[in-house]
Amino acid sequence: MKRTRATLDSDCRRLEGRGYPGYKDLRGAYDFEGFTLFIDHVQGDPFAAPSKIRVRVPMEVAGFPPELIKGRVRRLALGDFVARAIRSAIGRAPAPDGGSRSRGSGKSGSIRIDAGAQEVLERTAVQISPRDDWIEARIEVGLPAAGRRILGRQASELLCDALPRTALAGLRFGSLDADLVTAFVHCIENQEVIRRGLAERGLIAFVGNGARLPRQSGADDRPLAGEGVVPFESPAAFEVRIEVPNPIGSRVSGTGPDVWVGMGIPAGVNLIVGGGYHGKSTLLKALERCVYPHIPGDGRETVVSDRGLVKIAAEDGRRIERVDIHCFIDALPGDRNTKAFCSDDASGSTSQAAGIVEAIEAGCTGVLLDEDTCATNFMVRDARMQALVHKRYEPITPYVDHVRDLHRTLGISTVLVMGGSGDYFEAADRVIMLRDYAVLDATPEAKQIAVEKPGERRREARGSIDPPPPRVPVAQSFDASRGRSKDRKRVKIDVRTTNAIRYGECDLDLRGVAQLVDISQTRAVGLSMHWASQHLMKDGATLAGILDELDALFDQSGLGALDPFAAAEHHPGNLARPRRHEIAAAINRLRSLRME
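Residues numbered from 1 in each chain as written. Predicted model: local features only at pLDDT ≥ 70, side-chain atom pairs only at ≥ 80, totals over all residues. Heavy atoms only, no water.

J.: An account of unusual backbone geometry is needed here, citing residue identities and associated values.
T.: Phi at Arg322 takes a positive value of approximately 55 degrees, unusual for a residue other than glycine. If you trace the backbone, Arg322 turns up in strand S17 (residues 320–323). Unusually for a residue other than glycine, Asp539 sits at a positive phi of about 55 degrees. Tracing the backbone through its elements, the reader meets Asp539 in the loop between helix H12 (519–535) and helix H13 (543–557). On the basis of relative accessible area, Asp539 is assigned to the exposed category, the value being 78%. (Helix = DSSP H or I, 4+ residues; strand = E, 2+ residues; numbered from the N terminus. Buried < 20%, exposed > 50% of the residue type's maximum accessible area, 1.4 Å probe, protein only.)

J.: Which residues make up the packing of helix H3 (residues 72–92) against helix H4 (residues 152–171), and what values do they have?
T.: Contact geometry of H3 with H4 gives a least axis separation of 7 Å together with a crossing angle of 145 degrees. Crossing hand, H3 versus H4: right-handed. In contact with Val82, Ala85, Ile86, Ala89 and Ile90 of H3, H4 contributes Thr166, Ala167, Ala169, Gly170 and Leu171. For the contact of H3 with H4, a count of residues per class yields eight nonpolar, two polar and no charged. (Axes fitted to C-alpha atoms, helices over the stretch in contact; angles between N-to-C directions. Left-handed = near helix turned anticlockwise from the far one by under 90°. Contact = heavy atoms within 4.5 Å. Nonpolar A, V, L, I, M, F, W, Y, C, P; charged D, E, K, R; others polar.)

J.: Give a detailed account of the sheet that holds strand S21 (residues 430–435), specifying residues and quantitative values.
T.: Taken in spatial order, the six strands line up as S16-S19-S20-S14-S21-S22 in an open sheet, and their pairing is mixed. Across the chains shown, the open sheet's two edge strands, defined by having one partner strand only, are strand S16 (309–311) and strand S22 (438–441). In this sheet, adjacent strand axes meet at a mean angle of 20 degrees when their direction is disregarded. Sheet topology note: the strand S19 (residues 366–370)/strand S20 (residues 413–417) ladder contains five bridges and is parallel. Its bridge partner lying in S20, Val367 is registered against Thr414. (Pairing = 2+ DSSP bridges.)

J.: Run through helix H11 (residues 443–452), naming residues and quoting values.
T.: For H11, the set of buried residues is Thr443, Ala446 and Ala450. Projected down its long axis, H11 shows its buried positions confined to an angular sector of 70 degrees, all on one face. Of the exposed residues in H11, those oriented more than 90 degrees away from the buried face are Pro444, Glu445, Val451 and Glu452. (Arc of directions from axis to C-beta.)

J.: A description of the nonpolar core should follow, citing residues and the corresponding values.
T.: Of all hydrophobic cores here, the largest spans 60 residues; its most connected members are Leu8, Leu37 and Ile135. The dominant element in this core, judged by the number of residues it contributes, is H3, at ten residues. The next biggest cluster of nonpolar side chains, apart from the first, holds 46 residues, and it includes Ile325, Ile356, Ala359 and Ile412. (Core = buried A, V, L, I, M, F, W, Y, C linked by side-chain atoms within 4.5 Å.)

J.: Go over the confidence of the model for the chain, please, and point to the residues and values.
T.: Per-residue pLDDT for the chain has a mean of 92; in total, 93% of the residues score no lower than 70. Ignoring residues within four places in sequence, the model shows residues 96–101, a span with pLDDT below 50, making twelve contacts including any to other chains. This stretch, residues 252–256, has a pLDDT under 50; its non-local contacts, to residues over four places away or in other chains, come to four contacts. (pLDDT = per-residue confidence, 0-100.)

J.: Talk me through helix H6 (residues 280–289); I want residue IDs and the actual numbers.
T.: Where burial is concerned, most of H6 is hidden: seven out of the ten residues are buried. Burial in H6 covers these residues: Lys280, Leu283, Leu284, Ala286, Leu287, Glu288 and Arg289.

J.: Account for the sheet that holds strand S25 (residues 493–497), with residues named and values stated.
T.: The sheet built from three strands is open, its strands ordered S25-S26-S27 with antiparallel pairing. Of all the strands in the sheet, the pair left with one neighbour each is S25 and strand S27 (506–509). Each neighbouring strand pair of the sheet contributes to a mean axis angle of 20 degrees, computed without reference to strand direction. Pairing between strand S26 (residues 500–503) and S27: four bridges, direction antiparallel. Bridging from a neighbouring strand, Ile501 pairs with Leu508 of S27. Contacts from H12 reach S25, S26 and S27 within the one sheet, and its direction differs from that of S25 by about 160 degrees.

J.: Before we move on, could you go through the packing of H3 against helix H5 (residues 178–197) and cite the residues and values that matter?
T.: Close contact between H3 and H5 brings their axes to 9 Å; oriented N to C, the two are set at 140 degrees. By the angle between their axes, H3 is oblique relative to H5. Between H3 and H5 the crossing geometry is right-handed. Two secondary-structure elements touch here, H3 through Arg72, Val73, Arg74, Ala77, Leu78, Asp80, Phe81 and Arg84 and H5 through Leu180, Val181, Phe184, Val185, His186, Ile188, Glu189, Glu192 and Arg196. By residue class, the composition of the contact of H3 with H5 is nine nonpolar, one polar and seven charged. (Parallel < 35°, antiparallel > 145°, perpendicular 65-115°, else oblique.)

J.: Can you explain the packing of aromatic side chains? Please cite residues and give values.
T.: Summed over all chains, the structure comprises seven aromatic pairs. Ring centres of Phe378 and Tyr399 lie 6.1 Å apart, and the angle between their planes is 35 degrees; this geometry places the pair in the tilted category. Of this pair, Phe378 sits in helix H8 (residues 376–379) while Tyr399 sits in the loop between helix H9 (383–388) and helix H10 (403–410), and the two are 21 residues apart along the sequence. One aromatic cluster in this structure is built from Phe328, Phe378 and Tyr399. One residue, Arg54, lies across the ring of Phe38, its end atom 4.2 Å from the ring centre. Above the face of the Phe238 ring, Arg430 is positioned so that its terminal group lies 4.0 Å from the ring centre. (Phe/Tyr/Trp six-rings, centres within 6.5 Å; stacked < 30°, edge-to-face > 60°. Lys NZ or Arg CZ within 6 Å of the ring centre and 35° of its normal.)

J.: An account of the environment of Arg196 is requested, with residue identities and associated values reported.
T.: Note that Arg196 resides in helix H5. Distance from Arg196 to Ser305, taken between C-alpha atoms, is 10.0 Å for residues 109 residues apart in sequence.

J.: Go over the environment of Phe32, please, and point to the residues and values.
T.: Note on placement: Phe32 falls in strand S1 (residues 28–32). The buried category is assigned to Phe32, whose relative accessible area is 10%. Spatially, the C-alpha atom of Phe32 lies 41 Å from that of Cys290, the residues being 258 residues apart in sequence. When sequence neighbours within four positions are dropped, the list of residues in contact with Phe32 reads Arg5, Leu8, Leu37, Leu159, Cys160 and Pro164.

J.: Before we move on, can you summarise the environment of Arg165 with the specific residues and values?
T.: Within the fold, Arg165 resides in helix H4. Sequence spacing of Arg165 and Ala89 is 76 residues, and the spatial spacing of their C-alpha atoms is 8.4 Å.

The following block contains the structure:
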């Protein structure tokens, strides 16, 4: 028998006063006028994780123009916009009966959709069918209860009226501002077109003129407002012009609506210098975050970084498993093997060396470094220290002695914020000066200083940089199970913050993984690790090969393939796609990890 809105209303009211598990009777599909509501998974308790519900609208009813869903990037951008629109509608929804928004105990009455902040990421929250014949929102709902007794009337109001109203506010094109939707999609597409063309231009990043880089605070990634914010302006020597397909959101100056003008950062060694508080780290932070597209109005929507740039920092105390760091650190006391270095409590220098090698293994195109978060002895050893501590007693070969080799031999670029040492002047291809937040070309002056005041330090590199040897993860070292007894153990991966995962019994600290920007990415990272251990870690599969396979899985089947409980009655609506680099970083920090 076909179930309709009237059926759902009747079934909800019939459950009034019953025990909370009675809500499971509601599972299934209900035909409303112009859309279908799916109750996929019902929570077992009002204090547990919310129930999972989908609202699906046929595309002929949704009315989105075909040009807005043409191609992967536009579909991604539209889905992101729709999720944000639904979240806004949830925030505007009137409270039930004119009173509190809560409809009972625990999470009763809550409605939530997974929508982003400043970055636009591939998500599972809004899906468009492969044939473009429907669009659906995946929503989490707290079904109403008093204690653990069902509130049937409130459930009917929630499921039959409030939830559809808020979902349809984003799922129907006629309910949205057409100009805003189009501008949003065009802005994201422009960024991705620039990103795809960076390499052929010999660039690793682009910063558009007029960009507003400062943020409100270290804990608030929204743009800083006010007259004191200095818009970015490229020095003439660094200026490039890049055509984009869409005029909306372009930053131009008398050159037509289809050109973005700004600073191109080339492949190679790039130094960012200047006094304290003049904007060096702010620029680097923008490059770090703009490996992802940003929303219109963020201030960084014309900043585009190569997706393979990885931020590296020193991480005292992290785990390292069989990483070849010998080009940076060798001849340790006690003859410790640095070609397969292991540590349960790494120092700043060894952790930074491992971080760079791991990033190379994962396929990075460049590293981002800020002296404030680097190990000083790893970055440079000046002439006086060289005179006092002879090289035969110093196992560290500083980064300055390998930075050029990294690019020349392996094609790995560097962007380095350095305010305290001029020993990098000789190695730099370009020196970018920040002065009162204005950007200057300091390359000629830095090179002249290097000639007139040659450094007295000696290069300490003992050989060239080689590609790191492939490592093979051992599947048995990835145990995501948890429970009181062996036969009751089950997969348990908990994510409560962006930088921490409880993977089975193991706590995984990701505070040093700077380019995880969303908790839904972190959730996908944890599931990726488990999925890879179950399906990919066999027959000597290398870590790099596993990352390739995960990327192929995401491209072909979407993020939903990761969910170990995925089935008709369960939808993964709270995942966002991480880069391969963040997945690799999490694997490398797992304290139970073993490599062959």
